[in-house]
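What follows is the residue order along each chain.
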There are 2 protein chains.
Amino acid sequence: MININSHFSLPHVEAEQLTNNIGNTVKIHGIIYKIREMSGFAFVILKTKRSLLQCVYSEEYSKFKISELCDNMSVVFTGEVISDERSRTGIQVRLISFECLSAPAQETPVVINNKEIVTSFETMFDYRPITLRNNKERAIFQIQAGICRGLRKFFDENRFTEIHSPKIVFSGAEGGANIFKLDYFGREAYLTQSPQFYKQIMVGVFERVYEIAPVFRAEKHDTSRHINEYTSVDLEMGFIESFYDIMKLEIKMLAEIFALLREYYAGELALLKVNMPEITEIPEMTFTESKEMIAEIYKREIIDFEDFDPEEEKLLCEIIKKKTGCDFVFVTHYKSSKRPFYTMDSRENTEVTESFDLLFRGMEITTGGQRIHDYQSQIAKMENRGMNTEEFSSYLMAHKYGLPPHGGLGLGLERFTAKLLGYQNVRYATMFPRDINRLEP
Amino acid sequence: MININSHFSLPHVEAEQLTNNIGNTVKIHGIIYKIREMSGFAFVILKTKRSLLQCVYSEEYSKFKISELCDNMSVVFTGEVISDERSRTGIQVRLISFECLSAPAQETPVVINNKEIVTSFETMFDYRPITLRNNKERAIFQIQAGICRGLRKFFDENRFTEIHSPKIVFSGAEGGANIFKLDYFGREAYLTQSPQFYKQIMVGVFERVYEIAPVFRAEKHDTSRHINEYTSVDLEMGFIESFYDIMKLEIKMLAEIFALLREYYAGELALLKVNMPEITEIPEMTFTESKEMIAEIYKREIIDFEDFDPEEEKLLCEIIKKKTGCDFVFVTHYKSSKRPFYTMDSRENTEVTESFDLLFRGMEITTGGQRIHDYQSQIAKMENRGMNTEEFSSYLMAHKYGLPPHGGLGLGLERFTAKLLGYQNVRYATMFPRDINRLEP
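Residues numbered from 1 in each chain as written. Chains lettered and ligands numbered in written order. Predicted model: local features only at pLDDT ≥ 70, side-chain atom pairs only at ≥ 80, totals over all residues. Heavy atoms only, no water.

Some words on the relation of the copies chain B and chain A
As a reminder of what qualifies: The fit set for superposing copies consists of C-alpha atoms from residues with pLDDT of at least 70 in both; the fit itself is least squares. Contacts between residues were defined by any pair of non-hydrogen atoms, one from each residue, lying within 4.5 Å.
Under the fitted operation, chain B is carried onto chain A by 0.0 Å of movement along the axis and a turn of 180 degrees, and the coordinates agree to an RMSD of 0.0 Å. Both copies are brought into coincidence by an operation consistent with a two-fold rotation axis. Taking C-alpha positions as the reference, the residue of chain B nearest the rotation axis is B:Leu182, at 2.7 Å. Most of the interface of chain B is mirrored in chain A, where 99% of its interface residues again form contacts.

Below, the structure written as structure tokens:
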């Protein structure tokens, strides 16, 4: 009556094992990506987990008709592995027989098996469940998965503990109107804009924490830089001497990501022709210096003295690239008026903050800085801003009962992926984007 | 003007490095956990990232007054590392001097530095930002982080690709009333109950995918088994022969988690006196067999022929434990009427499904099974249930344009952690639980 299971074992050969199987007859499974018929023979491209495998059909040795196969059919091929110097993998498979496991009901309405998907922006995202099947499209998200692997490797090595903070919250971390409201059993609740409060609280528990999780911003403007739900990479660490420690940590973190991508995602990087940045150092300058430099070099009048507009972020990156060759720039000491209430003001000039942004190829990808750890200072700053500290009493418990000096950062995963891969619109690096017009698929 | 940062380096010694520093004077930082004053000397317990470090103050060699220190103060200690056979770490630190980096504003209203926190359930969670600082409480979440590390190691080794699916969705995967509604720029949207649709879609892209992310269930009942937001470990894989492949995979996955915990979390496991299950095999039986066996052995009348009640899950686990010694049991072939529309019915008996639950120490922690991959079969099952297939057209694109046979599972991270550590209430394994009564902290 009670059966015992043995351990799981793969029934078929993996694509990567084929080079060790030259001359052997193997079974390999996958989804047919493309069929190119020639006279008397055909190339059948099989999509496996991460690569495309060239198989060859021939009337001579294949024991079926090529017309029995079609695009998007899930199959198990039996074939002989032969070496082929012309193919990128060095091998191909001569098809002997096949087993059809699942056939599509229809042909795709969009051509998804060319090098690029040539279609409108709307069609690309309306048909996302199938446009993602394109080999280049899916490579974007392999690299994104690789970025997360690199991040977690870095966090593990540097003794950060992963946390899972709630996404339904009782108050917004950043404040403002950009917050989704929710009926929570008759109470008003919100979707989190950031795990800020929780990661600060958890510094008192684990000293160093991280979370890679969704955050939600109800921003109404429809730009190439914004989506309403994105994946935020958040870290927070105690016992820093200043916010420069966080910047130094981020350089090390980025270097680790790039090293891991080079090691394990070389195929995808080559496919997408990714221009990988060199990173051993990142230039830094203050917000005010940056503003003045952009104004001077590009003969622009400074209108907003408190923030960049997107154009200025682009121009600053161009200047830095030209001067130093670096694709990144840290901008420090943003105005206090423009930073949230938990940001620490500079001691020398309380109108600016111990904070930074990291710009990458023309776009802000990280916001970070040192936070206020002292209870009285935090209360004072909130009261100065006219905030009701009562509403934040559970967050402020962390400060009241002792928190070390600490700081952290948030990195937008989709923005980072987009800029790394050279996309102007963050949606191309988002599996299923959410914006003011799009809630589906 | 443009400064270049050097790489980040730790300023102080880590707790784990101390055993290599016997006889040396070191600087070490942390938060004071507890001070035990004796006559003429004192033990000062310093909380570091994962452990408690015993330091010794003495009027003789410490160049400060013990009254200058207090609980929850963030400090850098300078001291001499000496070997101490009585302490668990084999060393202690003789304090010479200290630097206070941050002092608490008040003493904690709950005693958090004893072996256990002795307080009411409500107080435990009302003061969560500080009760989590207790060394045993925080060990729960170190182990939870370790479970995630084990999971990701397993997924990487078995070629699963991590995905990030949206949490704001246009329709519920599981259907039913247990869904949070949201105003999305004037449209009605929902919080996801499961990444089910997206992981199935992504099988057509990567063959094997996983996600560890929040899901939301608006269940109104307040039980020890339910919270309204939890972390779901989801995997989905293509080219399975049957749902037994998923069960075999889960055994391997659990074994990998336990191996990683034993290797890297021995301290936490010992502290919490965790009874680690042996897992090489897991017994399995059908839902109907299970129902009948429970009824027979415990002389209970079967009232609900379609589902277990929580008591039955407990009894079944007791029976299996007694018969086989195993803490787990797979229950298979749940009734079709009780499983979602995407579940594959058994060929031999279409009233039951190719599905399973995994019960662990009396509680269901996993639901899984084979899904329908054929478009016409999926449409037919939905129409049989009176569903409007139009509403699901973007999900059904995956089927229409070809999906391999596939299946997967969802594992509740908090439930699994709770049962592993021996907690009856899942909230104890949830950092900041959300339930019908609790939205804060």
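Describing the packing of aromatic side chains
Residue and element names in this part refer to chain A. The criterion, for reference: Ring geometry is summarised as follows: Phe, Tyr and Trp rings, the Trp one being its six-membered ring, pair when their centres sit within 6.5 Å, and such pairs are stacked at plane angles under 30 degrees, edge-to-face over 60 and tilted between the two. In this text, helices come from DSSP runs of H or I with a minimum length of four residues, and strands from runs of E with a minimum of two, each type numbered from the N-terminal end. With a 1.4 Å probe rolled over the protein chains alone, any residue whose accessible area is under 20% of its type maximum counts as buried; one over 50% counts as exposed, and the rest are partly exposed. Distance and angle both matter: a charge sits over a ring if NZ of Lys or CZ of Arg is within 6 Å of the ring centre and within 35 degrees of the ring normal.
Scanning the model with the defined rule gives 60 aromatic pairs over all chains in all. Centre to centre, the rings of Phe341 and Tyr395 are 6.2 Å apart; their planes meet at 85 degrees, and the pair counts as edge-to-face. Of this pair, Phe341 sits in the loop between β14 (328–332) and β15 (355–360) while Tyr395 sits in helix α10 (residues 393–400), and the two are 54 residues apart along the sequence. Neither residue differs from the other here; Phe341 and Tyr395 are each classed as buried. The structure contains a cluster of three or more aromatic residues connected by ring pairs, namely Phe197, Phe341, Tyr342, Phe392 and Tyr395. Here Arg339 stacks its cationic end above the ring of Tyr334, 4.2 Å away from the centre of that ring.

Comments concerning the confidence of the model for chain A
Residues and elements named next belong to chain A. Spelled out, the test is: Think of pLDDT as the predictor's per-residue confidence, scored from 0 to 100.
Here chain A averages 94 in pLDDT, and 96% of its residues register 70 or above. The low-confidence segment residues 1–10 (pLDDT under 50) makes 36 contacts with residues lying over four places distant or belonging to another chain. Note on the complex model: pTM 0.96, ipTM 0.96.

Quick notes on the interface of chain B and chain A
Selection criterion: The term buried area denotes the loss of accessible surface (1.4 Å probe radius) that occurs when two parts are joined, taken as the sum for both partners. The term salt bridge refers to a pairing of a side-chain nitrogen on Lys or Arg with a carboxyl oxygen on Asp or Glu at a separation within 4 Å. The term polar contact refers here to a pair of N or O atoms within 3.5 Å; inside protein, the definition further demands a hydrogen-donor-capable atom paired with an acceptor-capable atom, and it admits residues adjacent in sequence only when both atoms are side-chain atoms. Classification convention: Asp, Glu, Lys, Arg as charged; Ala, Val, Leu, Ile, Met, Phe, Trp, Tyr, Cys, Pro as nonpolar; all other residues, Gly among them, as polar.
With 124 residues of chain B at the contact, the number on the chain A side is 123 residues. Roughly 11200 Å² of surface becomes buried between chain B and chain A when both sides are summed, with 64% attributable to carbon and sulfur atoms. Across the pair A:Lys49 and B:Glu207 runs a salt bridge, and its minimum N-O distance is 3.3 Å. At the junction of chain B and chain A, the tally comes to 40 residue pairs in polar contact (both at pLDDT 80 or more). A per-element tally of the side of chain B that touches chain A places helix α3 (residues 135–157) of chain B first, with 9 residues. Looking at the side of chain B that touches chain A residue by residue, the classes come out as 63 nonpolar, 25 polar and 36 charged.

Quick look at unusual backbone geometry
Residue and element names in this part refer to chain A. Here the residue pair Glu440 and Pro441 is connected by a cis peptide bond, since its omega of -5 degrees sits within 30 degrees of zero. Summarising the element assignment, Pro441 is placed in the segment after α11 (413–421). With phi around 50 degrees, Arg361 is a residue other than glycine that occupies positive phi space. Tracing the backbone through its elements, the reader meets Arg361 in the loop between β15 and β16 (363–371).

A closer look at the sheet that holds strand β3 (residues 41–47) of chain B
Sheet strands line up and pair through hydrogen bonds in the backbone, either parallel or antiparallel. All names here are of chain B. As a reminder of what qualifies: Should DSSP find at least two bridges between two strands, the strands are regarded as paired. Working convention: axes come from line fits to C-alpha atoms, limited for helices to the stretch in contact. Angles between N-to-C directions cover 0 to 180 degrees.
Spatial ordering of the closed barrel is given by β2-β3-β4-β6-β5, a layout of 5 strands whose pairing is mixed. Taken pair by pair, the neighbouring strands of this sheet meet at an average axis angle of 55 degrees, ignoring direction. Bridge count between strand β4 (residues 52–58) and strand β6 (residues 91–102): 2 bridges; the pairing is parallel. Counted as the bridge partner of Cys55 is Val93 from β6.

A word on the packing of α3(B) against helix α5 (residues 243–264) of chain B
Residue and element names in this part refer to chain B. So the rule is basically this: Convention used here: angles under 35 degrees read as roughly parallel, angles over 145 as roughly antiparallel, angles from 65 to 115 as roughly perpendicular, and any remaining angle as oblique. Left-handed describes a crossing whose near helix is turned anticlockwise from the far helix by less than a right angle; the clockwise case is right-handed.
Their axes nearest at 8 Å, the elements α3 and α5 cross at an angle of 130 degrees. By the angle between their directions, the pair α3 and α5 is classed as oblique. The chirality of how α3 crosses α5 is right-handed. In this structure, α3 contributes Ile143, Gly146, Ile147, Arg149, Gly150, Leu151, Lys153, Phe154, Phe155 and Glu157 to the contact, and α5 contributes Leu249, Lys252, Met253, Glu256, Ile257, Leu260, Leu261 and Tyr264. Its residues assigned to classes, the contact of α3 with α5 comprises 11 nonpolar, 2 polar and 5 charged.

Overview of the pattern of salt bridges
Side chains that differ in sign of charge can pair as their charged atoms come close. Across all of its chains, the model carries 58 salt bridges over all chains by this definition. Across the pair B:Arg339 and B:Asp357 runs a salt bridge, and its minimum N-O distance is 2.6 Å. Of this pair, B:Arg339 sits in the loop between β14 (328–332) and β15 (355–360) while B:Asp357 is found in strand β15, placing the two residues 18 residues apart along the sequence. The two residues B:Arg339 and B:Asp357 agree in class, both being buried. Overlapping salt bridges bring together A:Glu14, A:Glu16, A:Lys49, B:Arg159 and B:Glu207 as one network.

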